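Listed below, chain by chain, are the residues.
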Amino acid sequence: MSQNKNTSVPNSTVTRDLRQLDKGTENIYESIVVVSKRANQISVDIKEELNGKLAEFASNNDNLEEVFENREQIEISKHYERMPKASLIALDEFLNDKIYFRNPSKEQE
């Protein structure tokens, strides 16, 4: 399983205090950009992992019955559907200072 699996991340929407989001950046919009970029990274990693696991079950001569009855693929897909969304993982990482980020325009000043 990937390192992104975190059991402390909720699977559903959570109400957040907006004042917590600008702690690291001093700007809520910059924080949202950081979280969104990290969520995209996590999403790509999860998608590659899922495709790799599903590719193990692919065969060149699938017939229609095998495609619909492959329980292993169904279970793997259900597992990934139950995982927390990438945006929730990224937000949790941001709030717990697990993301390294920098702003080049601020560094030039």
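So, how was this worked out
- Think of each chain on its own: its residues are numbered from 1, step by step along the sequence as written.
- Given that this is a predicted model, residues contribute local features only at a pLDDT of at least 70 and side-chain atom pairs are listed and counted only at 80 or more, while totals for whole chains, interfaces and linings are drawn from all residues.
- Excluded from the side-chain calculation are hydrogens and water; included are all heavy atoms of the structure.
- Strands are runs of DSSP state E lasting at least two residues, helices are runs of H or I lasting at least four, and both sets are numbered from the N terminus onward.
- It only takes one pair of heavy atoms within 4.5 Å for two residues to be counted as in contact.
- Note that accessible areas follow from Shrake-Rupley with a 1.4 Å probe, and for residues the cover is restricted to the protein chains shown.
- Whether a set of points on the 1 Å grid over the protein atoms alone is a cavity depends on a 1.4 Å probe fitting there but being unable to get out, while an open set qualifies as a pocket with protein on both sides within 12 Å along at least five of seven lines; lining residues are those with an atom within 4 Å of a point.
- Grid points are joined across faces, edges and corners, and a volume is the space filled by probe spheres set on the points.
- When residues are grouped by polarity, Ala, Val, Leu, Ile, Met, Phe, Trp, Tyr, Cys and Pro land in nonpolar, Asp, Glu, Lys and Arg in charged, and all others, Gly among them, in polar.
- For every residue, the predictor assigns a confidence score, pLDDT, that lies between 0 and 100.
- Each residue after the first adds 1.5 Å to the expected span of a helix.
- Each residue is assigned to one of three classes by its accessible area relative to the maximum for its type, calculated with a 1.4 Å probe on protein chains only: buried under 20%, partly exposed between the two thresholds, exposed over 50%.
- For this analysis, a polar contact is any N or O atom pair within 3.5 Å, provided that within protein one partner can donate a hydrogen and the other can accept it, and provided that sequence-adjacent residues contribute only side-chain to side-chain pairs.
- Whenever a helix is involved, its axis is fitted only over the stretch in contact; in every case the axis is a line through C-alpha atoms, and angles between N-to-C directions fall within 0 to 180 degrees.
- Throughout, the term roughly parallel applies to angles under 35 degrees, roughly antiparallel to angles over 145, roughly perpendicular to angles from 65 to 115, and oblique to all others.
- Left-handed describes a crossing in which the near helix is turned anticlockwise from the far one by less than a right angle; the clockwise case is right-handed.

Asker: Explain the overall build of the protein chain here, please?
Answerer: Secondary structure assignment for the protein chain yields six helices and zero strands. Tracing the protein chain from N to C terminus, the helices and strands come up as α-α-α-α-α-α. For the protein chain, the share of sequence-separated contacts (at least 6 apart) that also reach a separation of at least 24 residues comes to 76%. On the protein chain, roughly 8300 Å² of surface is accessible, and the fraction owed to carbon and sulfur atoms is 49%.

Asker: What is the right way to look at the layout of surface pockets in this model?
Answerer: One simple way to see leftover space: roll a probe sized like a water molecule over the atoms. One number sums up the size of the largest pocket: a volume of about 230 Å³. Around the largest pocket sit Glu 30, Val 33, Val 34, Lys 37, Arg 38, Gln 41, Ile 99, Tyr 100, Phe 101, Arg 102 and Asn 103, which together line it. Here the residues of the lining of the largest pocket are counted per class, giving five nonpolar, two polar and four charged.

Asker: Even after reading the chapter, I still don't get the confidence of the model for the protein chain, so can you show me in this structure?
Answerer: Low pLDDT means the predicted atomic positions in that stretch should not be read closely. When pLDDT is averaged along the protein chain, the result is 82; 83% of the residues meet or exceed 70. Here helix H3 (residues 64–68) stands out as the least confident element of the protein chain, with mean pLDDT 56; helix H2 (residues 28–55) is the most confident, with 93.

Asker: Sorry, what's going on with H2 here?
Answerer: Because each turn of an α-helix spans 3.6 residues, side chains separated by three or four positions end up pointing in the same direction. Along its 28 residues, H2 runs 40 Å from first to last C-alpha, staying within 8% of the 40 Å computed at 1.5 Å per residue. Considered for burial, the residues of H2 that qualify are Ile 28, Glu 30, Ser 31, Val 34, Val 35, Arg 38, Ala 39, Ile 42, Ile 46, Glu 49 and Leu 50. Structurally, H2 contributes buried residues whose contacts are with helix H1 (18–21), helix H4 (71–82), helix H5 (86–95) and helix H6 (104–108). Where H2 begins, one side-chain oxygen reaches toward the backbone nitrogen of Tyr 29, 2.9 Å away; that side chain belongs to Asn 27.

Asker: What exactly am I supposed to notice about the packing of H2 against H5 here?
Answerer: Each packed pair of helices is defined by two parameters, the angle between the axes and the distance between the axes. At a minimum axis distance of 8 Å, the contact between H2 and H5 shows a crossing angle of 125°. Between H2 and H5, the crossing angle belongs to the class labelled oblique. Crossing of H2 against H5: the hand is right-handed. Contacts between H2 and H5 involve Ser 31, Val 34, Val 35, Arg 38, Ala 39, Ile 42 and Ser 43 from the former and Ala 86, Ser 87, Ile 89, Ala 90, Leu 91, Glu 93 and Phe 94 from the latter. Per-class residue counts for the contact of H2 with H5 are nine nonpolar, three polar and two charged.

Asker: Is there a simple way to think about the environment of Tyr 100 in this case?
Answerer: Secondary-structure assignment places Tyr 100 in the loop between H5 and H6. The spacing of Tyr 100 and Val 34 is 66 residues in sequence and 9.3 Å in space, taken between C-alpha atoms.

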